[in-house]
Amino acid sequence: MPTLVPRPTEAAFRAGHFTLDRSTTLRLGAGTEPAAELLRDLLTPATGLSLRPSPDGQFTLALDPGLGDLGEEGYVLAVDPHAVLLRAAHPTGLLRGIQTIRQLLPPQALSAIPQRGTRWLLPCADITDSPRHPWRGAMLDVARHFQPVSYLRRYVDLLALHKISVFHLHLTDDQGWRMPIAAFPKLTEIGGNRAESQKGPAGSGTYDGNPHGGAYTRAELADLVRYAAARGVTVMPEIEMPGHVRAALAAYPQLGNHPERTLDVWTRWGVCDTVLGVHDEVLDFCRTVLDEVMDVFPSPYIHVGGEECPTAEWTHSAAARERAAAAGLPGPSALHGWFLGQVGDFLVRHGRRPVGWAETGAELPLDFTVMTWRDSSHTLTAARRGHPVVSANHRATYLDYAQSDDPHEPPAQPGAVVDLRAVHGHDPVPEDADADMAGRVLGTQAQLWTEFVTTPAHIEYLTYPRLCALADRGWSGATDWAAFRSRLGEHTARLDALGVQHRP
Ligand code: ACM
């Protein structure tokens, strides 16, 4: 019997199979056309099957409100020798079920080129499936190294195969600003390019001499959002503030604490001490940027970064000290929470949910959804305060760390090794969480920061198979490492059929 990644909640296989061939037609219930389109997009390249609609098709897609207990992503799949029936309460559930059907077929079905001589057999099965956690995310940093939108589409395809629900797109940082904002064209014209990049880790003092740059068009990003939505993946944008903004300050120095100073787009790695000012013009800027971000990205969640913001510039700025006093704050360092409160309120007023990286789990305004990354105790701290939490502990979810201590691993973030087992072993819900706190843990997410990652091949080497482990744990909650390893062995044939340059 085929093994699936992520593992379904309940699957029973029976003898026999359904054969997909040129006579197979689709019986489409109301509202299932988009799912049928995805099924064809995924299967036609390899199989050549056209899977036309027909009122008496053997292969049925149906929306069934009776399955509401399975949630937005749940589905039920029944395969018999003469019929396939995929049902879900919500269109997203159908999209998840289609990825299961794809994995039940021979791995050749995942190829991008026509496969001759393969019989397209689906094993007879009854599967009832829904995720343990709604948030199973993957973050890609396109600020440190830009990737074209054509690659982002492939990246989304691979997320969808693993039933990942959120593609977190890290669009801005000290080293690059990748999203155009009509009112501030220099953000990408100047902020989208840097003169060179640091070689090796933060503090190395050596540089590669290679200019690097890139930015998306608004149309490309809007198209990516549609492409991902058709696969059941939400693109959540991240615009960093009030730190990690050196690229924006290079474009618009008046947004900083020293308007007379000219800054370059940062060529170093690490934490940059130049941050946004706290004057009205800066808040107007942030609102204008976020307005355009909300226009392009319908995601209910908008990430505004928030981490690693040194407050020394505010301490030394008379204007910032005045702002802190006027806002009734104990001192300039409290401007960090105040700033995030301002932009968070703005997003909430527009019906969105602000997301931020936690430094301690206790410093973000309460309407923030918190991504905890520094310390495993921060998940509990944030959940106890009442925040919804996405657990992104760096020791288990940062894919920019090497996968082993083998000196032949490609360049990676120094300081830790995150092997496959560490990713699989990460339970997003802390052991000592009570039921209320556990209920606030939305799920987990993988991070790929790209200081040392310049090519799609390197992205895929670092991402796979570790993302398979995160997807499995986040969807099924299954903790059995040996069983996962055994399923992954078979799943590797699927990655190979897709040409994923995974780590062996
Ligand atoms: C982070 O790693 N800067 C969230």
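Up top is the structure these notes are about.
Residues numbered from 1 in each chain as written. Predicted model: local features only at pLDDT ≥ 70, side-chain atom pairs only at ≥ 80, totals over all residues. Heavy atoms only, no water.

A. Fine view of the pairing of strand 13 (residues 234–241). Most of strand 13 is tucked away, with seven of its eight residues classed as buried. Two elements, strand 8 (residues 166–170) and strand 13, share five bridges in a ladder whose sense is parallel. When the bridges of strand 13 are listed, Phe167 appears paired with Val235. Where strand 13 meets strand 14 (residues 301–305), two bridges bridge the pair, whose relative direction is parallel. Counterpart to Met241 in the pairing with strand 14 is Gly305. (Buried < 20%, exposed > 50% of the residue type's maximum accessible area, 1.4 Å probe, protein only. Helix = DSSP H or I, 4+ residues; strand = E, 2+ residues; numbered from the N terminus. Pairing = 2+ DSSP bridges.)

B. Expanded view of the sheet that holds strand 14. What the eight strands build is a closed barrel, ordered 7-8-13-14-15-16-17-20; its pairing is parallel. The sheet shows a mean angle of 30° between the axes of neighbouring strands, direction not considered. One ladder, built from three bridges, connects strand 14 with strand 15 (residues 353–357); its direction is parallel. By the bridge assignment for strand 15, His303 is matched with Val355. Along the sheet, helix 7 (residues 280–296) contacts strand 13 and strand 14; its crossing angle with strand 13, the most-contacted strand, is approximately 170°. (Axes fitted to C-alpha atoms, helices over the stretch in contact; angles between N-to-C directions. Contact = heavy atoms within 4.5 Å.)

C. Local environment of the sheet that holds strand 2 (residues 26–28). Here we have six strands laid out as an open sheet, ordered 1-6-4-5-3-2, and mixed in their pairing. The two strands at the open ends of the sheet, each matched to only one other strand, are strand 1 (10–20) and strand 2. With direction set aside, neighbouring strand axes in the sheet form an average angle of 20°. With five bridges connecting them, strand 4 (residues 75–80) and strand 6 (residues 120–129) associate as antiparallel partners. Considered in strand 6, the bridge of Val76 is made with Thr128. Against the sheet, helix 1 (residues 33–47) contacts strand 2, strand 3 (59–63) and strand 6, and its axis sits at roughly 165° relative to strand 2.

D. Molecular detail of the environment of Leu290. Tracing the sequence through the fold places Leu290 in helix 7. For Leu290, a relative accessible area of 0% corresponds to the buried category. Residues Leu290 and Asp41, spaced 249 residues apart in sequence, show a C-alpha to C-alpha distance of 33 Å.

E. Quick peek at the packing of aromatic side chains. Within the structure shown, the criterion is met by 13 aromatic pairs. Between the aromatic rings of Trp177 and Phe285, the centroid separation amounts to 6.3 Å while the plane-to-plane angle is 55°, which identifies the pairing as tilted. Of this pair, Trp177 sits in strand 10 (residues 176–177) while Phe285 sits in helix 7, and the two are 108 residues apart along the sequence. Summarising the burial analysis for this pair, Trp177 and Phe285 share the class buried. (Phe/Tyr/Trp six-rings, centres within 6.5 Å; stacked < 30°, edge-to-face > 60°.)

F. Fine view of the pattern of salt bridges. The final tally for this structure, using the stated rule, is 23 salt bridges. The residue Arg226 makes a salt bridge to Asp223 at a minimum N-O spacing of 3.6 Å. Here the residue Arg226 and the residue Asp223 both occupy positions in helix 5 (residues 218–229), the gap between them amounting to three residues, near one helical turn. On the accessibility criterion, Arg226 (53% relative accessible area) is exposed. For Asp223, a relative accessible area of 30% puts it in the partly exposed group. Ionic contacts of the salt-bridge type, sharing partners, join the residues Asp141, Arg144, Asp173 and Glu451 into one network. (Salt bridge = Lys/Arg side-chain N within 4 Å of Asp/Glu carboxyl O.)

G. Fine view of the pairing of strand 16 (residues 369–372). Because side chains alternate across strand 16, one face comprises the buried residues Thr369 and Met371, and the other comprises Val370 and Thr372, equally buried. Here three bridges tie strand 15 to strand 16, and the two strands are oriented parallel to one another. The residue of strand 16 that forms the bridge with Gly356 is Val370. Pairing geometry for strand 16 and strand 17 (residues 389–391), over three bridges, is parallel. Within strand 17, the residue paired with Thr372 across the bridge is Ser391.

H. Inspection of the nonpolar core at higher detail. Of all hydrophobic cores here, the largest spans 150 residues; its most connected members are Leu122, Phe167, Trp177 and Phe339. Not counting residues within four places of it along the chain, the set of residues in contact with Phe339 comprises Met241, Pro242, Leu276, Gly277, Val278, Val282, Leu283 and Cys286. (Core = buried A, V, L, I, M, F, W, Y, C linked by side-chain atoms within 4.5 Å.)

I. Structural detail: unusual backbone geometry. The peptide bond linking Val5 to Pro6 adopts the cis configuration, its omega dihedral lying at 0°. Relative to the assigned elements, Pro6 resides in the segment before strand 1. Here Met241 and Pro242 are connected by a cis peptide whose omega angle stands at -10°. With phi around 50°, Leu51 is a residue other than glycine that occupies positive phi space. Relative to the assigned elements, Leu51 resides in the loop between helix 1 and strand 3. The exposure class assigned to Leu51 is buried, which follows from its relative accessible area of 2%. For Lys163, which is not glycine, the phi torsion reads 60° and is therefore positive. In this structure, Lys163 sits in the loop between helix 3 (149–161) and strand 8.

J. A look at the packing of helix 16 (residues 466–476) against helix 17 (residues 481–497). In the contact formed by helix 16 and helix 17, the axes pass within 11 Å of each other and the chain directions differ by 125°. One way to sum up the angle between helix 16 and helix 17 is to call them oblique. Crossing of helix 16 against helix 17: the hand is right-handed. Here Cys468, Ala469 and Asp472 of helix 16 come into contact with helix 17, specifically with Phe484, Arg487, Leu488, His491 and Leu495. (Parallel < 35°, antiparallel > 145°, perpendicular 65-115°, else oblique. Left-handed = near helix turned anticlockwise from the far one by under 90°.)

K. Molecular detail of helix 5. When the terminal C-alpha atoms of helix 5 are compared, their 17 Å separation across twelve residues agrees well with the 16 Å that a helix rising 1.5 Å per residue should span. All of the buried residues along helix 5 are Leu221, Leu224, Val225 and Ala228. Across the axial projection of helix 5, the buried residues extend over an arc of 100°, all falling on one side. Turned more than 90 degrees away from the buried face of helix 5 sit Ala219 and Arg226, all of them exposed. Along its buried surface, helix 5 packs onto helix 3, strand 8, strand 13 and helix 7. (Expected span 1.5 Å × (residues − 1). Arc of directions from axis to C-beta.)

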